[in-house]
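# Breakdown of the fold
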Amino acid sequence: MTRGIKQYRMYIDGEFVDAVSGETMSSVCPADGEIIATFPKGGQADVDKAVRAAKEAFENTNWGNTHASDNRGDLLRKIAFGIREQIDELAELEVLDSGKTITDVSLVDVHYAADCFEYYANLANQIYGEVIPVPGDVLDIAVREPLGVCAAIVAWNYPIMFAAWKIAPCLAAGNTIVYKPSSETSLSALALAKIIDEAGAPKGVVNIVTGPGGVIGKALCEHPDIEKVSFTGSTEVGRQVMQMAASTMKKLTMELGGKSPNIIFDDFTNQEAAVGAALLGLYFNAGQTCVAGSRLYVHENIYDNFKKELVRRVGLIPVGHGMDWDSRMGAIINESQMRSILDLIETGKKEGAKLLIGGNRLMEGGHAKGFFIEPTVFECDHDDYTIVKKEIFGPVLCLMKFKDEQEVIKRANNTIYGLASAVWTNDIKRAFRVSKALKAGQVWINQYLVLSNFAPHGGYKQSGFGKDLSKYAMDNYTQIKNIYIELCSDDSYISTFE
Ligand code: NAD
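Keep in mind that what you see is a predicted model, and the values were worked out from it rather than measured.

## Focus on the site of the ligand
For the ligand, the set of nearby residues contains 28 residues, the closest of which are V154, S234, L256, E391 and H457. One of the backbone N or O atoms of G233 is found 3.3 Å from an oxygen atom in the ligand. Protein contacts shield 88% of the accessible area of the ligand, which totals 850 Å² for the unbound molecule. Among the elements of the structure, helix 7 (213–222), strand 11 (228–232) and helix 8 (235–246) are those that each provide at least two residues to the shell around the ligand. For the shell around the ligand, the class distribution of residues is 13 nonpolar, 11 polar and 4 charged.

See below:
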C-alpha cells in the first residue's frame, strides 16, 4: 500500500509553523517501514519561541485567574468533543505512526484521551483552598494557584493519551504549556493541536514543539522561564531530566519505568480469567507498556496447569499490521528497540532461563518489512536473570513459581521499580494484606491493566513520583500560597521591638 507523505507543523503561539532551522524529521510506520509523514525538527530557538508565547499568555491574559475557570472548563470540553468527532482519523494516524493495533487505539486510547479532557473540564472550577486555624484574631487561608509555564516531555507508547494526561490537568489548573511528544510518535499531538486551535484556545496557552529529546528536552529542562516539567519516560533519561531541572529548581513529576509483578495465588479459582489477564497485562501494546505485568508469579499448586494454558494461549495471539482489525499484537516501535528486545531474549537464553514459546523476529509474509517479535515466555527458576530484573519493554514474559505469601512478597518487592502490581486471590484478607505489603503505586486485585482517568497513576521507588490522572494530578500543577490576615483592632497591635 502506498500512502502520500503528509507534512505536519509545530504549534507555537497559535500558529502552525516550521522549525526555525527549516529542518524536518520523518515518521516511519513500524509495521511496514514506509515513511508516512514529515514533521519539524525543532531546536533551542523553537523552544525559546514557545516558552515566550506561553509566558506571555500566562502573564498578560486572564487565563490563570480563578474567575476564568469556567472558560478553561469550556475549552477542555470542546477539545474532548473535537477528539470524539475525529476518532477514526486520529486512530488511523496513531496506528500508522506507532505500530499499535487499530482495535486498541480506536477502542481504548482515543476514547480515554477525550474522556480525560472532559474529566478535567469538570475540575477546572473545583480548585479549593482551606481556612487554617491559626491562633489569635486571624484569618489564615491557603489558596491554590497555578504555577505558570509548564513543560511536558513524554514517551512514545501511548501518544494521544499522554497528550491528554499532561495538557488537560495543566490547563484546568490555569497554567500554560509547552508540550514535547516523543520524536517516535509526534503526529497525533500535532493533529490534536488543530483540534485545540479550533476549540478556541487563546494564543500561546498550548504550544507543541517537536524534535529530538536530547535537544528539545534539554532546552525545556534548563529553561529559566519554565516552572515545572512533567516527564514520562525511562528511569535512565528521568535521572538526566532531574539533573538538568535542578539548576532552576523546577517542580517535577516523574512517570518512569517498571518491572511489575503479577501474583496468582492457588485460592483464585477462575484460572481462565487469570491467564487472560496475564496475557493482556503483558502483550497489550506488544509489551510496550510501563505497567506491563512482566514478572508473573504463580503458586506451585496450580503452576503446571497454568503454564500449559498460558503457553497454549500465547501461541494463538495474532501478530500483524496494526491496521488489520484481526491483529491483537502490533509492531515494535522501531528497529533499535526491536534489536534491544531480541538481545535481551538472547541474554535470557544464555543465562539459562527456559524459553517456552516465541523468542524470534517474525519475518514471513506481512511481517517482512516491519519490526515484529513473537509473543515470548521464559520460565525462570530464580529471579536473578537479567530478563527478570531489567525492563524489556517488549513482548517477553517471565514466568516464575512460588510457595508462600511472604516469599512472593519479598520477591515481588526485590526490584528498583515500583510502578504497578497485581494479586489474584479469593481471600479478602490476603488481598488486603499483600496489597499493603507491595511497594508499588498501583495494586490491582483480581484484575490487570485497568487505568481510569478518575484514579491516580504513578510509581514508587525508581518508577518516579507525583501522579498523573485523577484529582491528584491537579496538585502537581498548582502551588499553595498562605495568606495571613490580621484581624485585631488598631489599638491592640503588639510589637516586640518596643
Ligand atoms: P525515553 O526516556 O527514551 O524518552 C522519553 C522522552 O524523553 C521522549 O520524548 C524523548 O524524546 C525525551 N528525551 C530523550 N532524551 C532526553 C534528554 N536527554 N533530555 C530530555 N528529554 C529527553 O523513553 P521512551 O523510550 O520514549 O519510553 C519508554 C520508557 O518510558 C519506558 O521505560 C517506560 O516504562 C516509560 N514509561 C513510563 C510511563 C509511566 O507512566 N510511568 C508511561 C509510559 C512509558
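## A look at helix 3 (residues 87–98)
Between its first and last C-alpha atoms helix 3 spans 16 Å; for 12 residues at 1.5 Å apiece the expected length is 16 Å, and the two agree. Along helix 3, the residues that are buried comprise I87, L90, A91, L93, E94, V95, L96, D97 and S98. Where helix 3 is buried, its residues touch strand 4 (24–28), strand 5 (35–40), helix 2 (69–85), helix 4 (102–121), helix 5 (159–172) and helix 6 (187–198). In the stretch just after helix 3, G99 is the one whose phi turns positive, near 85°.

## Details of the sheet that holds strand 1 (residues 6–7)
In any sheet, the strands associate via hydrogen bonds between backbone groups, in a parallel or an antiparallel arrangement. The sheet built from 3 strands is open, its strands ordered 1-5-4 with mixed pairing. Among the strands making up the open sheet, the edge pair consists of strand 1 and strand 4.

Rules and cut-offs
- Residues numbered from 1 in each chain as written.
- Predicted model: local features only at pLDDT ≥ 70, side-chain atom pairs only at ≥ 80, totals over all residues.
- Heavy atoms only, no water.
- Near = heavy atom within 4 Å.
- Polar contact = N/O pair within 3.5 Å; in protein donor to acceptor, adjacent residues only side chain to side chain.
- Areas by Shrake-Rupley, 256 points an atom, 1.4 Å probe, with all protein chains shown as cover.
- Helix = DSSP H or I, 4+ residues; strand = E, 2+ residues; numbered from the N terminus.
- Nonpolar A, V, L, I, M, F, W, Y, C, P; charged D, E, K, R; others polar.
- Expected span 1.5 Å × (residues − 1).
- Buried < 20%, exposed > 50% of the residue type's maximum accessible area, 1.4 Å probe, protein only.
- Contact = heavy atoms within 4.5 Å.
- Pairing = 2+ DSSP bridges.

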